[in-house]
Amino acid sequence: MTVPLGVMQSLLQKNVSLLLKDNTVLEGVLQSYDEFMNVVLTDTEEITAETRRKLGTVILRGNNVVRISAK
Amino acid sequence: MTVPLGVMQSLLQKNVSLLLKDNTVLEGVLQSYDEFMNVVLTDTEEITAETRRKLGTVILRGNNVVRISAK
Amino acid sequence: MTVPLGVMQSLLQKNVSLLLKDNTVLEGVLQSYDEFMNVVLTDTEEITAETRRKLGTVILRGNNVVRISAK
Amino acid sequence: MTVPLGVMQSLLQKNVSLLLKDNTVLEGVLQSYDEFMNVVLTDTEEITAETRRKLGTVILRGNNVVRISAK
Amino acid sequence: MTVPLGVMQSLLQKNVSLLLKDNTVLEGVLQSYDEFMNVVLTDTEEITAETRRKLGTVILRGNNVVRISAK
Amino acid sequence: MTVPLGVMQSLLQKNVSLLLKDNTVLEGVLQSYDEFMNVVLTDTEEITAETRRKLGTVILRGNNVVRISAK
Amino acid sequence: MTVPLGVMQSLLQKNVSLLLKDNTVLEGVLQSYDEFMNVVLTDTEEITAETRRKLGTVILRGNNVVRISAK
């Protein structure tokens, strides 16, 4: 069994989609993470029900994350 | 007595259903977990009151989990 | 004085009723617990204001629990 | 100065009233407690704005507690 | 500089006013506290927008506290 | 780089403005703080959308704080 | 892989944009941070849906942060 944070390792440099607790989705390339699920994305796009916006490099605080998936 | 996380061990590679705090249900094959109830699912489907959607591999942050059951 | 988690020990293999923070009630047979009040129930029924549903074996994350009582 | 948890010691085997975060009141005999304010009550009654209900023995998770007073 | 919990020491046996997260105010004599801001008040009165009620001795769980001031 | 709590050191005995999570603003003279951002203010004024009220000395629990700035 | 807090190191003395949980945006020059994502900004502007306001130097408590990006 690979632990969940180990699976994040396999997503490094890949396009990922993050769902946040406020229902915002962030899409970008996963550059790094830590044990709190703080993550860094590059080429990030923020997608809400109404808008789609480019954000560039983003540091996201882990406690806002619901789930992460490959895109 | 097998502790709760030990019971998760018995669900590895099985179909499970996760209820999240926002009432979303995720169904998929349990690949891994850790002591925070962070989990990894494959062949995941997200089921809300209105929608059903395929998500593939998902890393879920444990603090969003209400309960996990075999499916 | 028996500490609260010690009282849970006396409920093992008994029918218990759990009230969750979202007002759902889970009834089932207590199989295990840990210091976070993560619990495992078998023969679980989920009871909300409108519905009653069989869930089988359930792993419940402790931080959703309000209270546990014998049934 | 007796620390707050020491004052709880003086309430053991006494009738107490607990106010919870959801505004429910639990009244019962305090049997035990721990450092998280997890408590065990016997002969518990649950009192909400509309209802009054007997619950017997109850294990209450501390993070739902607002305050405890002698009754 | 006296740290915040040291300032609480100077309020022991004094009338204090506590604002809670649900906007309730508790007034009473501060008997004890700990590092989580759990506190014990005697001769407590609970004051809400509509009501004023005597509660006697109260053990208050610290995570409900917004602020404490001398009265 | 001076860490954030070190910057608070430079605000001691100065007029500060604190924004709380419930949108209340507290203005006063910063007397002390600790690593949880618990703070003590003197000559405190509480400012909400509708009211402005003198509170004297206030001990504020850190987890209610959004931000602190010099005034 | 540079961990997320390491990426914050690269933003020191740069203009950054912080999104807070209450949807407020703070823009300013990042002066310092710690492992809780407490941060200090100078020349800060607070931007909400309706207003834009200068705040000068601000100490922000980390648990209010959703994300940080270069501006």
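All of these numbers come straight from a predicted model, not from anything done at the bench. (Residues numbered from 1 in each chain as written. Chains lettered and ligands numbered in written order. Predicted model: local features only at pLDDT ≥ 70, side-chain atom pairs only at ≥ 80, totals over all residues. Heavy atoms only, no water.)

Observations concerning the overall build of chain A
The condition that has to hold: Strands are runs of DSSP state E lasting at least 2 residues, helices are runs of H or I lasting at least 4, and numbering of each runs from the N terminus. Partly exposed describes any residue whose relative accessible area lies between the buried limit of under 20% and the exposed limit of over 50%, with all areas from a 1.4 Å probe on protein chains only and scaled to the type maximum. Here a residue-residue contact requires only that any non-hydrogen atoms of the pair lie within 4.5 Å. Under the convention used here, a 1.4 Å probe and the Shrake-Rupley method define accessible areas, while residue burial counts only the protein chains that appear. In this tally Asp and Glu are treated as negative and Lys and Arg as positive; neither His nor the chain ends contributes. A charged residue contributes its charge at one atom only: NZ of Lys, CZ of Arg, CG of Asp or CD of Glu.
Regarding its fold elements, chain A presents 1 helix and 5 strands. The N-to-C order of helical and strand elements in chain A reads α-β-β-β-β-β. Based on the C-alpha atoms only, the size of chain A along its principal axes is roughly 40 × 20 × 20 Å. The 71 residues of chain A split such that 61% are buried. For chain A, contacts bridging at least 24 residues in sequence account for 38% of all contacts bridging at least 6. Accessible surface computed for chain A: about 3,200 Å², of which carbon and sulfur atoms make up 50%. Charged side chains in chain A number 8 positive and 8 negative. The centres of these two groups are separated by 3 Å.

Some points on the interface of chain A and chain B
Just so we agree on the cut-off: The term buried area denotes the loss of accessible surface (1.4 Å probe radius) that occurs when two parts are joined, taken as the sum for both partners. Definition used for salt bridges: Asp or Glu carboxyl oxygen within 4 Å of a side-chain nitrogen of Lys or Arg. N or O atoms within 3.5 Å of each other form a polar contact, as long as, within protein, one can give a hydrogen and the other can take it, and as long as residues adjacent in sequence are counted only when both atoms are side-chain atoms. Only Asp, Glu, Lys and Arg are considered charged, only Ala, Val, Leu, Ile, Met, Phe, Trp, Tyr, Cys and Pro nonpolar, and every remaining residue, Gly among them, polar. Whether two strands pair depends on DSSP finding at least two bridges between them.
Counting residues at the interface gives 18 residues for chain A, matched by 20 residues for chain B. For the chain A and chain B pair, buried surface summed over both sides reaches about 1,500 Å², with 60% attributable to carbon and sulfur atoms. The largest per-residue losses of area from chain A upon contact with chain B belong to Met1, Pro4 and Arg67 of chain A, which jointly make up 40% of the total buried on that side. Across the chain A-chain B interface, the total number found is 1 salt bridge. Residues glutamate 46 of chain B and arginine 67 of chain A are paired through a salt bridge, measuring 2.3 Å at the closest nitrogen-oxygen approach. Connecting chain A to chain B are 7 residue pairs in polar contact (both at pLDDT 80 or more). Put simply, the parts of the chain that give the side of chain A that touches chain B at least two residues each are helix H1 (4–9) and strand E5 (65–70) of chain A. Classifying every residue of the side of chain A that touches chain B by side-chain character gives 12 nonpolar, 4 polar and 2 charged. Both E5 of chain A and strand E4 (residues 52–60) of chain B contribute to a ladder of 3 bridges, which runs antiparallel. In the sheet register, isoleucine 68 of chain A faces E4 of chain B, and the bridge partner there is isoleucine 59 of chain B.

Some thoughts on the relation of the copies chain A and chain B
Cut-off, in case you're wondering: Residues reaching a pLDDT of at least 70 in both copies supply the C-alpha atoms on which the copies are superposed by least squares.
In the superposition of chain A on chain B (RMSD 0.0 Å, axial shift 0.0 Å), the rotation amounts to 52 degrees. The fraction of interface residues of chain A whose copies in chain B are also interface residues is only 6%, indicating that the copies meet through different surfaces.

Some points on the relation of the copies chain B and chain C
Take chain B, turn it by 51 degrees, move it 0.0 Å along the axis, and it overlays chain C with an RMSD of 0.0 Å. An asymmetric contact is evident, with only 6% of the interface residues of chain B recurring at the interface of chain C.

Overview of the side chain of arginine 61 of chain F
As for its position among the elements, arginine 61 of chain F is in the loop between strand E4 (52–60) and strand E5 (65–70). For the buried arginine 61 of chain F, no salt bridge is present, and the opposite-charge side chain at shortest range is aspartate 34 of chain E, 7.6 Å distant. At a separation of 3.1 Å, a polar atom in the side chain of arginine 61 of chain F contacts the main-chain carbonyl oxygen of phenylalanine 36 of chain E. The contacts of arginine 61 of chain F, once residues within four sequence positions are left out, are Phe36, Met37, Gly62, Asn63, Val65 and Val66 of chain E together with Asn38 of chain F.

Here we look at the interface of chain B and chain C
With 18 residues of chain B at the interface, the matching set in chain C holds 20 residues. Summed over both sides, the interface of chain B with chain C buries roughly 1,500 Å², with 61% coming from carbon and sulfur. Of all residues in chain B, Met1, Pro4 and Arg67 of chain B give up the largest surface area on contact with chain C, accounting jointly for 39% of the area buried on that side. Taken together, the connections running from chain B to chain C amount to 1 salt bridge. Counting every contact that joins chain B to chain C gives 6 residue pairs in polar contact (both at pLDDT 80 or more). When residues in the side of chain B that touches chain C are grouped by element, the largest group, 6 residues, is from strand E5 (residues 65–70) of chain B. Residue composition of the side of chain B that touches chain C, grouped by class: 12 nonpolar, 4 polar and 2 charged.

A short note on the pairing of E4 of chain F
Residues and elements named next belong to chain F. Note: strand E3 (residues 39–47) against E4, 7 bridges, orientation antiparallel. The partner of glutamate 45 across the bridge, within E4, is lysine 54. Linkage of E3 to E4, two consecutive antiparallel strands, is achieved through a turn of 4 residues.

Regarding the arrangement of the chains
Of all C-alpha pairs spanning chain B and chain E, none lies closer than 19 Å, and the two are not in contact. Contact between chain C and chain F is absent, and the least distance between their C-alpha atoms amounts to 19 Å.

Considering the side chain of threonine 44 of chain D
All names here are of chain D. Relative to the elements of secondary structure, threonine 44 occurs in strand E3 (residues 39–47). By relative accessible area, which is 1% here, threonine 44 ends up buried. At a separation of 3.4 Å, a polar atom in the side chain of threonine 44 contacts the main-chain carbonyl oxygen of leucine 41. Setting aside its immediate chain neighbours within four residues, threonine 44 contacts Leu26, Glu27, Gly28, Arg53, Lys54, Leu55, Gly56 and Val58.

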